[in-house]
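Each chain, written out:
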Amino acid sequence: MKKLWWIIGGIGVAALFSNQKTRTIMSNQVFTLKSLFNDKIAKIRKDIAGDGHYGASRSNGTRKHAGVDLEISPGQIIKAPFKAKIIREAYPYASDLSYHGIYLQSLEDKDIKVKMFYLKKLSNLKAGDLVQAGDPIAFAENISAKYSKSMTPHIHVEIYQNDVRVNPENYL
């Protein structure tokens, strides 16, 4: 009888910690982050200034990296990863508004939102505008100018599902 309860309990715990919708979206991805770069392979930044992987240590181990850093060239055109509505312009630093970002909500799956930093949205776009997958939406900024030349230029990408941050590396 204990063995039966152990098995049932294990199934219950597994069900509690699994999210069917997350597994479904991850296995039937509606987009990939490589679409940001004309279908080139998105390379994750790793240099002497830090590690751009999701969950990498930040601030001497006091926090984890909330997104993924994808290498770019400053001025490079960034495209919409999916059909989306622009929620708002975003800023990575409250104390430094010279760096920008954009916050998008998927129109194909309203549970998915993407926040990207270190890019300047095109001037003709504003909150509420709709963009198609592959539409140019921004130009990459040179974040290495803020820190040091040892930091590879990149954009920072965060993905939210049902307003919960998920690992964007699953979308590469």
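Residues numbered from 1 in each chain as written. Predicted model: local features only at pLDDT ≥ 70, side-chain atom pairs only at ≥ 80, totals over all residues. Heavy atoms only, no water.

S.K.: Teacher, can you tell me more about the layout of surface pockets here?
M.R.: In this approach, a probe sized like a water molecule rolls over the atoms, and the result shows the empty space that is left. In this structure, the largest pocket encloses a volume near 370 Å³. In terms of lining, the largest pocket is formed by 19 residues, of which the most central are Arg58, Arg63, His65, Tyr93 and Tyr118. At the level of elements, strand S3 (57-58) and strand S13 (154-161) are the ones that each hand at least two residues to the lining of the largest pocket. Element by element, the count of residues in the lining of the largest pocket is highest for S13, at three residues. Residue composition of the lining of the largest pocket, grouped by class: nine nonpolar, five polar and five charged. (1 Å grid on protein atoms, 1.4 Å probe; cavity = no way out; pocket = protein on both sides within 12 Å on 5 of 7 lines; lining within 4 Å. Points joined across faces, edges and corners; volume = space filled by probe spheres on them. Helix = DSSP H or I, 4+ residues; strand = E, 2+ residues; numbered from the N terminus. Nonpolar A, V, L, I, M, F, W, Y, C, P; charged D, E, K, R; others polar.)

S.K.: Please clarify how the pattern of salt bridges should be interpreted in this entry.
M.R.: Any two side chains of opposite charge can pair if their charged atoms end up close together. For the coordinates displayed, the defined rule picks out eight salt bridges. Residue Asp129 pairs with Lys126 through a salt bridge whose shortest N-O separation is 3.1 Å. Taking relative accessible area as the criterion, Asp129 reaches 16% and is therefore assigned buried. With its nearest N and O atoms 3.8 Å apart, the salt bridge here joins Glu158 to Arg165. When its relative accessible area of 38% is taken as the criterion, Arg165 is described as partly exposed. Each member of the salt-bridge network shares a partner with another, and the members are Arg45, Asp47, Arg58 and Asp69. (Salt bridge = Lys/Arg side-chain N within 4 Å of Asp/Glu carboxyl O. Buried < 20%, exposed > 50% of the residue type's maximum accessible area, 1.4 Å probe, protein only.)

S.K.: Help me out: how do you make sense of the sheet that holds strand S10 (residues 119-121) in this one?
M.R.: In sheet architecture, strand pairing relies on hydrogen bonds along the backbone and comes in two forms, parallel and antiparallel. A sheet is described by the order of its strands in space; here three strands give the open sequence S6-S12-S10, paired in antiparallel fashion. Either end of the sheet is taken by a strand with one partner, and the two such strands are strand S6 (77-79) and S10. The average angle at which neighbouring strand axes cross in this sheet is 40°, direction not considered. Pairing geometry for S10 and strand S12 (residues 136-140), over three bridges, is antiparallel. In the strand pairing of S12, Lys121 is matched with Ala138. (Pairing = 2+ DSSP bridges. Axes fitted to C-alpha atoms, helices over the stretch in contact; angles between N-to-C directions.)

S.K.: Whenever I open this one, the pairing of S13 confuses me. Can you help?
M.R.: The side chains of a regular strand alternate between both faces of the sheet. Counting buried positions along S13 gives eight out of eight residues, so the element sits mostly inside the fold. Burial of S13 is two-sided: the residues His154, His156, Glu158 and Tyr160 facing one way and the residues Ile155, Val157, Ile159 and Gln161 facing the other way are all buried. By the bridge criterion, four bridges tie strand S5 (residues 68-71) to S13 in an arrangement that is antiparallel. Looking at the pairing, Asp69 lines up with His156 of S13. Pairing between strand S9 (residues 112-117) and S13: six bridges, direction antiparallel. When the sheet's bridge partners are listed, Phe117 is paired in S13 with His156. Where S13 lies against strand S14 (residues 164-166), three bridges are found, and the strand directions are antiparallel. Each residue of the ladder has a partner; that of Tyr160, found in S14, is Arg165. Two successive antiparallel strands, S13 and S14, enclose a turn made up of two residues, where Asn162 displays a positive phi of approximately 55°.

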